[in-house]
Amino acid sequence: MRLTQRTDFALRVLMHCAAHARREEPLTVKEIAEEYSIPLNHLTKIVQELGAKGFLETTRGRGGGLRLLRPAHTVTVGEVVRATEQDFCMAECFHPDQQACVLLPHCRLKKTLEKALSAWMRELDAVTLADLVHNGLRKPRKIHLHF
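These numbers come from a predicted model, not from an experiment.

Reading the values: rules and limits
- Residues numbered from 1 in each chain as written.
- Predicted model: local features only at pLDDT ≥ 70, side-chain atom pairs only at ≥ 80, totals over all residues.
- Heavy atoms only, no water.
- Core = buried A, V, L, I, M, F, W, Y, C linked by side-chain atoms within 4.5 Å.
- Buried < 20%, exposed > 50% of the residue type's maximum accessible area, 1.4 Å probe, protein only.
- Helix = DSSP H or I, 4+ residues; strand = E, 2+ residues; numbered from the N terminus.
- Contact = heavy atoms within 4.5 Å.
- Axes fitted to C-alpha atoms, helices over the stretch in contact; angles between N-to-C directions.
- Parallel < 35°, antiparallel > 145°, perpendicular 65-115°, else oblique.
- Nonpolar A, V, L, I, M, F, W, Y, C, P; charged D, E, K, R; others polar.
- Salt bridge = Lys/Arg side-chain N within 4 Å of Asp/Glu carboxyl O.

Let's shift gears to the nonpolar core. Val13, Leu14, Leu43, Leu50, Leu56, Leu66 and Leu68 are the most contacted members of the largest nonpolar core, which has 32 residues in total. When residues of this core are traced back to their parent elements, those giving at least two are α1 (5–19), α2 (29–36), α3 (40–52), β2 (65–68), α4 (77–84) and α5 (109–125). Per-element tally for this core: the top contributor is α1, with seven residues. When residues no more than four places from it in sequence are discounted, the contact partners of Leu56 are Val13, Leu14, Cys17, Val47, Leu50, Gly51, Leu66, Arg67, Leu68 and Leu69.

For α4, the buried fraction is high: six of the eight residues fall into the buried class. Within the sequence span of α4, burial applies to Val77, Gly78, Val80, Val81, Ala83 and Thr84. Packing partners of the buried residues in α4 comprise α1, α3, α5 and α6 (129–132).

Further remarks concern the packing of α1 against α3. Close contact between α1 and α3 brings their axes to 10 Å; oriented N to C, the two are set at 70°. The orientation of α1 with respect to α3, classified from their angle, is roughly perpendicular. Across the interface between the two elements, Gln5, Arg6, Phe9, Ala10, Val13 and Leu14 of α1 pack against His42, Leu43, Lys45, Ile46, Val47, Glu49 and Leu50 of α3. Taken together, the residues of the contact of α1 with α3 sort by class into eight nonpolar, two polar and three charged.

Our focus in this paragraph is the pattern of salt bridges. This structure, assessed with the given rule, holds seven salt bridges. In this structure, Glu25 and Arg23 form a salt bridge, with 3.3 Å as the shortest nitrogen-oxygen distance. Taking relative accessible area as the criterion, Glu25 reaches 46% and is therefore assigned partly exposed. Overall, Arg23 belongs to the partly exposed group, its relative accessible area being 23%. Each of the salt bridges in this network shares a partner with another, and the network as a whole consists of Arg6, Glu49 and Lys53.

Given below as structure tokens:
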């Protein structure tokens, strides 16, 4: 299983907000984009989505910015992954309308993959944003991503 870049960036934003939760002034999208070398327009869309899904409080205008809407210890990684990933269809047999595989009536792979996905999500549900940043985040190295 591999997370999309969107989910990866969403987790970075939320972890950054969790690490700076005690900061008086709100964080800005521009600040986070520069810190992680993520294109501003791309990150803005992700922040809007996180706001719409109840993870962030966003305020527009002068003095605006973003903060976690809930305490970091109440937000699980699994919850974020479920909210940001498009689907969890690991093989053709996971798509209800695309089951052309001739092995499907006798195959045990789907059940095995379902168990693996369930175990993976259980692990992600056991970790909160607070767990990920419990000692605070160090200033990240500047890395340049190519899109």
